[in-house]
2 protein chains.
Amino acid sequence: MRLVLDAMGGDHAPEAPVRGALLFAREHPEHEVVLVGAPARLDACLAREGGAPGNVHPYPATEVVEMEEDAFAAIRRKKDSSLRVGFELVRRGEAQALVSAGHSGAVMAGALLLLGRLPGVERPAIATLLPTLKGAGHCLLLDSGANVECRPVHLAQWAVLGSAYMRALLGIERPRVAVLSNGEEPSKGTALTREASALLRRSELHFTGYVEGRSLFSGDVEVVVTDGFTGNVVLKTTEGAAAGVTGLLRSAIERGGLPLKLGALLLRPIFAGLKTRLDYAEVGGAPLLGIEGVGIVAHGRSSPRAIQQALVAALRNAEAGLRAELTRCIAQAASWLPVRQRGGTRGLSEEQRGARR
Amino acid sequence: MRLVLDAMGGDHAPEAPVRGALLFAREHPEHEVVLVGAPARLDACLAREGGAPGNVHPYPATEVVEMEEDAFAAIRRKKDSSLRVGFELVRRGEAQALVSAGHSGAVMAGALLLLGRLPGVERPAIATLLPTLKGAGHCLLLDSGANVECRPVHLAQWAVLGSAYMRALLGIERPRVAVLSNGEEPSKGTALTREASALLRRSELHFTGYVEGRSLFSGDVEVVVTDGFTGNVVLKTTEGAAAGVTGLLRSAIERGGLPLKLGALLLRPIFAGLKTRLDYAEVGGAPLLGIEGVGIVAHGRSSPRAIQQALVAALRNAEAGLRAELTRCIAQAASWLPVRQRGGTRGLSEEQRGARR
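Residues numbered from 1 in each chain as written. Chains lettered and ligands numbered in written order. Predicted model: local features only at pLDDT ≥ 70, side-chain atom pairs only at ≥ 80, totals over all residues. Heavy atoms only, no water.

Draft legend 1. Representation of the overall build of chain A. Secondary structure summary: chain A contains 14 helices and 12 strands in total. Rg of the C-alpha trace for chain A: 21 Å, near the compact-globule value of 21 Å for 357 residues, within the 12% margin. Across its three principal directions, the C-alpha atoms of chain A cover 60 × 60 × 35 Å. The proportion of buried residues among the 357 residues of chain A is 60%. In chain A, the proportion of contacts linking residues at least 24 apart, taken out of those at least 6 apart, comes to 71%. Looking at chain A as shown, the accessible area adds up to about 13,800 Å², and 53% of this sits on carbon and sulfur atoms. One finds the centroid of the 42 positive side-chain charges in chain A at a distance of 2 Å from the centroid of its 37 negative side-chain charges. (Helix = DSSP H or I, 4+ residues; strand = E, 2+ residues; numbered from the N terminus. Rg over C-alpha atoms; globule rule 2.2 N^0.38 Å. Buried < 20%, exposed > 50% of the residue type's maximum accessible area, 1.4 Å probe, protein only. Contact = heavy atoms within 4.5 Å. Areas by Shrake-Rupley, 256 points an atom, 1.4 Å probe, with all protein chains shown as cover. Lys, Arg positive; Asp, Glu negative; His and termini not counted. Charge placed at Lys NZ, Arg CZ, Asp CG, Glu CD.)

Okay, structure coming up:
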């Protein structure tokens, strides 16, 4: 496989992406990484790391999409941006996946405009795999940030895509699917959650109804759908809570006496396991589900380790050949889920058309 | 002070409320608790606990508002429900606050219909005090579940009420206030968050803009406003994440060998501190801000300890005499925040009028 890495994306670019690419490339000599970015800066980074191994290929792009830019406008205007150049490589079939820790809205915009959507998909979603803390499994949360304004049909489609993904990639035969809400009773929720639930009750999915936020970690369900606003808030809240708990433990141990320090030493294997399980860097990146091709959104604060894991996620997604299965499931859902368009780059949402002007 | 406790509210009623009332009453002999509920069941519970001390007074109510009932309809129809009878006691001035672990929507409905709103307040909100994990302070999240459909003016009013509350109750002179969003850039968010932010930028509050979910625990802000759907999802997510992390630690230690068990023993004081800081039972209950009088929503799964702490919260709220300060701040905000009605029980929202039919 050949994977494209947007070397200019993320808070620590290009250093973290370059180092992450090298970590990945050394571990996977049979695969290749194309590092897209400003040539002089890439060369300097690579020189500091002792040069690029044979399976890492710098590729020039002179522009960068900045965090505060309008996503669609930037992708359209900055034709030589690392993100756009990277997506062009995937579009031309010269690479099988793209990873970026940059502007996640721009990654979505690039995927929509340059790769397009799978047939029948109205809106792609960012699908984040959360570790369940009971059951030691995973729960897929989508959308975790790409679509702030949503319609019920979007949530229902994400349920279809999420189920297919968990089956194809994690081997979960019949994933349980739920809609995130402010209570489990059907009377709870908003018009969006109630209408999405009504659609999903008619589906062939294993739909269990509403769940509250705590079920993201309980192992009770494998797929949770919500609008991208709520999904993003939930994700950042989880990060904050987990970081807070571990930080609180650490500072209490640091301030404490010898018995506490000895206790911490004895528990080190457990703390290390906990860190691995909670650290976003270990999860790598989140795929954009519903696009033609593989696009992975990595965390903006990605460390080299996080980039390495995002490349691993890209590799797994590309190798799984999900397109056929996702497309089959979306087509099959047409019996209960009427959609308005046929994929590709046509018929984008109003929000997206607005941004393209 | 005389505090009313809805003895029939909560998953473990009436046992947990009765035992919580006794814990509180023994610790606060100078205050009184009125236990409202089914006489025979209260008597049986009290007998099992060795009888009621002199400052605990059973008070009869034959009906109970059930969890699946429509909140407003139940409060209007069940005139002898423990919740309604309890609010009547507060309304007549025979008690200074009410605590319930029952149907939180019904607590809100009871407060709205029987006590009414403070002058100028459009919608009361549930205000939950979260422990910040850095800085060891607190962050007030409102609304955490009372209002699913909101307008920008509601969020702006909650910012006013929350600031006044943190100043009056916790002595924070100039609380920093933020709107919860899916990113810190002003271009992020929904129409609701953008319009609420526009209002708050014109205010005299210490408004810092948008925060992401992680700032609830970072100590960067003291008041965070959001709609009740998002607030509730965030709260349950936090509970789930914290419970998951501690559960993961516990099970790893239980499965482990002697060194791990010794380590856990040495770290016990830290784990105990962490539990105290994270346990909802220690926070007690969340006040309904914006109503006439003091109403405290306790967690549905409240243990006796949680009920005891909710009574402590009710006592602190009642003693603080917040009415004057909250009313003054709402009146002062009229210069930048136009509101449509004048408090009391008139002019309820469409949602609430709908429920009353």
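Draft legend 2. Inspection of the pattern of salt bridges at higher detail. Under the definition given, this model contains 36 salt bridges over all chains. The residue B:Glu69 makes a salt bridge to B:Arg77 at a minimum N-O spacing of 3.0 Å. B:Glu69 sits in the buried class, given a relative accessible area of 16%. Residue B:Arg77 is classed as exposed on the basis of its relative accessible area of 53%. Members of the salt-bridge network, linked through shared partners, are A:Glu212, A:Arg214, B:Lys236, B:Glu239 and B:Arg301. (Salt bridge = Lys/Arg side-chain N within 4 Å of Asp/Glu carboxyl O.)

Draft legend 3. Structural view of the sheet that holds strand β1 (residues 2–6) of chain A. All names here are of chain A. Pairing within the open sheet is mixed, and its 7 strands lie in the order β3-β2-β1-β4-β12-β11-β5. Where the open sheet ends on each side, the last strands, each with one partner, are β3 (56–60) and β5 (125–126). Here strand β4 (residues 97–100) runs beside strand β12 (residues 294–298); their pairing, made up of 4 bridges, is parallel. Pairing of Leu98 across the sheet is with Gly295, part of β12. (Pairing = 2+ DSSP bridges.)

Draft legend 4. The relation of the copies chain A and chain B, seen in detail. Each copy of the sequence occupies a distinct position, and chain A is placed on chain B by a rotation of 180 degrees and an axial shift of 0.0 Å, giving an RMSD of 0.1 Å. The superposition operator between the copies reduces to a two-fold rotation axis. Judged by C-alpha distance, A:Gly263 is the residue of chain A that lies nearest the rotation axis, at 1.8 Å. Here 100% of the interface residues in chain A have copies in chain B that are interface residues too; the copies meet face to matching face. (Least-squares fit on C-alpha atoms with pLDDT ≥ 70 in both.)

Draft legend 5. Main features of the pairing of strand β2 (residues 32–37) of chain B. Residues and elements named next belong to chain B. Where burial is concerned, most of β2 is hidden: 5 out of the 6 residues are buried. One ladder, built from 5 bridges, connects strand β1 (residues 2–6) with β2; its direction is parallel. Bridge pairing in β2 places Asp6 opposite Val36. A crossover connection joins β1 to the parallel β2 through helix α1 (residues 15–27); in handedness this β-α-β unit is right-handed. As judged from the 5 bridges shared by β2 and strand β3 (residues 56–60), these two strands associate in the parallel manner. Residue Val34 lies in a different strand from β3, and its bridge partner there is His57. For the crossover that starts at β2, traverses helix α2 (residues 39–48) and ends in the parallel β3, the hand is right-handed. (Right-handed = clockwise from strand over helix to strand, strands pointing away.)

Draft legend 6. Up close: the domain arrangement of chain A. Residues and elements named next belong to chain A. Domain assignment breaks chain A into domain 1 (1–119 + 290–322 + 336–357) and domain 2 (125–282). For domain 1 and domain 2, the distance between their C-alpha centroids amounts to 25 Å. The interface of domain 1 with domain 2 comprises 22 residues on the first partner and 24 residues on the second. Of the roughly 1,800 Å² buried at the junction of domain 1 and domain 2 (both faces included), carbon and sulfur atoms supply 60%. (Domains from an automatic or database assignment. Buried area = accessible area lost by both parts, 1.4 Å probe.)

Draft legend 7. Looking closely at the packing of α1(B) against helix α12 (residues 304–320) of chain B. All names here are of chain B. Two elements in contact, α1 and α12, have axes whose closest approach is 7 Å; the angle formed by their N-to-C orientations is 55 degrees. The orientation of α1 relative to α12 falls into the category oblique. Considering how the two elements wind past one another, α1 and α12 form a crossing that is right-handed. Mapping the contact onto sequence places Ala16, Pro17, Arg19, Gly20, Ala21, Leu23, Phe24 and Glu27 in α1 and Pro304, Arg305, Ile307, Gln308, Leu311, Val312 and Leu315 in α12. Residues of the contact of α1 with α12, tallied by class, amount to 10 nonpolar, 2 polar and 3 charged. (Axes fitted to C-alpha atoms, helices over the stretch in contact; angles between N-to-C directions. Parallel < 35°, antiparallel > 145°, perpendicular 65-115°, else oblique. Left-handed = near helix turned anticlockwise from the far one by under 90°. Nonpolar A, V, L, I, M, F, W, Y, C, P; charged D, E, K, R; others polar.)

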